[in-house]
Amino acid sequence: DAGVIQSPRHEVTEMGQEVTLRCKPISGHDYLFWYRQTMMRGLELLIYFNNNVPIDDSGMPEDRFSAKMPNASFSTLKIQPSEPRDSAVYFCASSLGQTNTGELFFGEGSRLTVL
Amino acid sequence: AQSVAQPEDQVNVAEGNPLTVKCTYSVSGNPYLFWYVQYPNRGLQFLLKYITGDNLVKGSYGFEAEFNKSQTSFHLKKPSALVSDSALYFCAVRDRRGSYIPTFGRGTSLIVHP
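Reading guide: rules and limits
- Residues numbered from 1 in each chain as written.
- Chains lettered and ligands numbered in written order.
- Predicted model: local features only at pLDDT ≥ 70, side-chain atom pairs only at ≥ 80, totals over all residues.
- Heavy atoms only, no water.
- Contact = heavy atoms within 4.5 Å.
- Buried area = accessible area lost by both parts, 1.4 Å probe.
- Salt bridge = Lys/Arg side-chain N within 4 Å of Asp/Glu carboxyl O.
- Polar contact = N/O pair within 3.5 Å; in protein donor to acceptor, adjacent residues only side chain to side chain.
- Helix = DSSP H or I, 4+ residues; strand = E, 2+ residues; numbered from the N terminus.
- Nonpolar A, V, L, I, M, F, W, Y, C, P; charged D, E, K, R; others polar.
- Disulfide = S-S within 2.5 Å.
- Buried < 20%, exposed > 50% of the residue type's maximum accessible area, 1.4 Å probe, protein only.
- Core = buried A, V, L, I, M, F, W, Y, C linked by side-chain atoms within 4.5 Å.

> Break down the interface of chain B and chain A for me, with residues and values.
Counting from both sides, the interface comprises 19 residues of chain B and, opposite them, 26 residues of chain A. With both chains or domains summed, chain B and chain A bury close to 1,800 Å², and 53% of this area falls on carbon and sulfur atoms. Considering only the side of chain B, the residues that lose the most area to chain A are Leu44, Tyr100 and Ile101 of chain B, jointly responsible for 34% of the buried surface there. The tally of links between chain B and chain A comes to 2 salt bridges. A salt bridge links Arg42 of chain B to Glu108 of chain A, with the shortest nitrogen-to-oxygen separation between them at 2.6 Å. The tally of links from chain B across to chain A stands at 8 residue pairs in polar contact (both at pLDDT 80 or more). Contributions of two or more residues to the side of chain B that touches chain A are made by β5 (31-38), β6 (44-50) and β10 (87-95) of chain B. The element best represented in the side of chain B that touches chain A is β5 of chain B, accounting for 4 residues. When grouped by side-chain class, the residues that make up the side of chain B that touches chain A number 12 nonpolar, 3 polar and 4 charged.

This is how it looks when you write it as C-alpha cells:
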C-alpha cells in the first residue's frame, strides 16, 4: 500500500486566498483525521471522520475552516479566507475501525505558508 | 477523560549510550498506549504499542517501551542510541472503553550527539 497520500506538500499563498489540502487515506481504513502542527501549539486534532461522516469537528479553529469526505478514498481541508496565523503543517491520518487498537497512519503533511 | 504528559521537551544523549524518553498517562479505564516518531519534514510514524500482556513491548528500530501500571508510565527506551535516532517522539494514549481517538503528548525532541 502506498500509505496516506497528501497534496500539496508545500503551499505558499497570500492572505485572503483560498487553500485546499487533499488527502487519500489507506484503502480499507474507515477513520480519517486532520491534524495541524505548529511549534507553539504542538499537534492539534481538527476534525475526524468515520465512514465518510464527520464525527467531531470541535477542533476546527474557525468557520474559515471546512472539511469534506465525499467518498472513502478522498478528503479535503479548505481554508477560506486564509490568514498568516494559519501557517502550519497539516497532517492527514487514517486508521482501521473500532475493533482495532487504533494506531494511526500519517501522511507526509502539507506545509502551508500564508504571507 | 484521557491525557498524556511528556515531561521533557528535549533529551540529549551521546551516541552509544542508552536513552529514555518519558511518558505518563491518565485514563479512566485500561489504556492502549503508543509511541510515534517524527523525523524532520516527515509525518509521524508508528513505533510500537502496548495492548495487553507483557509489560515490555518491542518495536521498530530497536526501540522498546515499558508499561508500568502502578506509575501510569510508558517510557520509551533503547539500549544504544544512534545519531539517526534524533527526531521528535510522541506518546499517545487511548482509553479502551472510551473515545476511539488517541490523545497525543506534546512531543519530546531527542538529540543524539556523535
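That covers the picture; the talk isn't over yet.
> Run through unusual backbone geometry, naming residues and quoting values.
All names here are of chain A. Pro8 follows Ser7 through a cis peptide bond whose omega is -10°. Of note, Pro8 is situated in the loop between β1 (5-7) and β2 (10-13). The amide bond that connects Gln80 to the next residue, Pro81, takes the cis arrangement and shows omega of -5°. Its location among the elements puts Pro81 in the loop between β8 (74-79) and β9 (88-95). Here the phi dihedral of Asn51 falls at roughly 50°; this positive angle occurs in a residue that is not glycine.

> Explain the state of the cysteines to me, and be specific about the residues and the numbers.
Applying the stated criterion across every chain yields a total of 2 disulfides over all chains. Between the sulfur atoms of Cys23 of chain A and its disulfide partner Cys92 of chain A the distance amounts to 1.9 Å. The disulfide joining Cys23 of chain A to Cys92 of chain A has a torsion of about -65° about its S-S bond and is therefore left-handed. Placement of Cys23 of chain A in strand β3 (residues 19-24) and of Cys92 of chain A in strand β9 is noted, with a sequence separation of 69 residues between them. As far as the burial class goes, Cys23 of chain A and Cys92 of chain A line up, both buried. Across a sulfur-sulfur distance of 2.0 Å, Cys23 of chain B and Cys91 of chain B are joined as a disulfide pair. Every disulfide takes its handedness from the sign of the S-S torsion; for Cys23 of chain B and Cys91 of chain B that torsion is -65°, giving left-handed. Linking Cys23 of chain B in the loop between β3 (19-21) and β4 (24-26) with Cys91 of chain B in strand β10, this pair joins segments that are 68 residues apart in sequence. Judged by relative accessible area, which is 0%, Cys23 of chain B ranks as buried.

> Run through the nonpolar core, naming residues and quoting values.
Residue and element names in this part refer to chain B. In this structure, Trp35, Leu47, Leu48, Phe74, Leu76 and Tyr89 are the most contacted members of the largest nonpolar core, which totals 28 residues. At the level of elements, β2 (10-14), β3, β5, β6, β8 (64-68), β9 (73-78), β10 and β12 (108-113) are the ones that each hand at least two residues to this core. If one sorts the elements of this core by residue count, β10 sits on top with 4 residues. Excluding residues within four positions of it along the chain, Phe74 makes contact with Cys23, Leu33, Phe34, Trp35, Leu48, Lys49, Tyr50, Val57, Ala65, Glu66 and Phe67.

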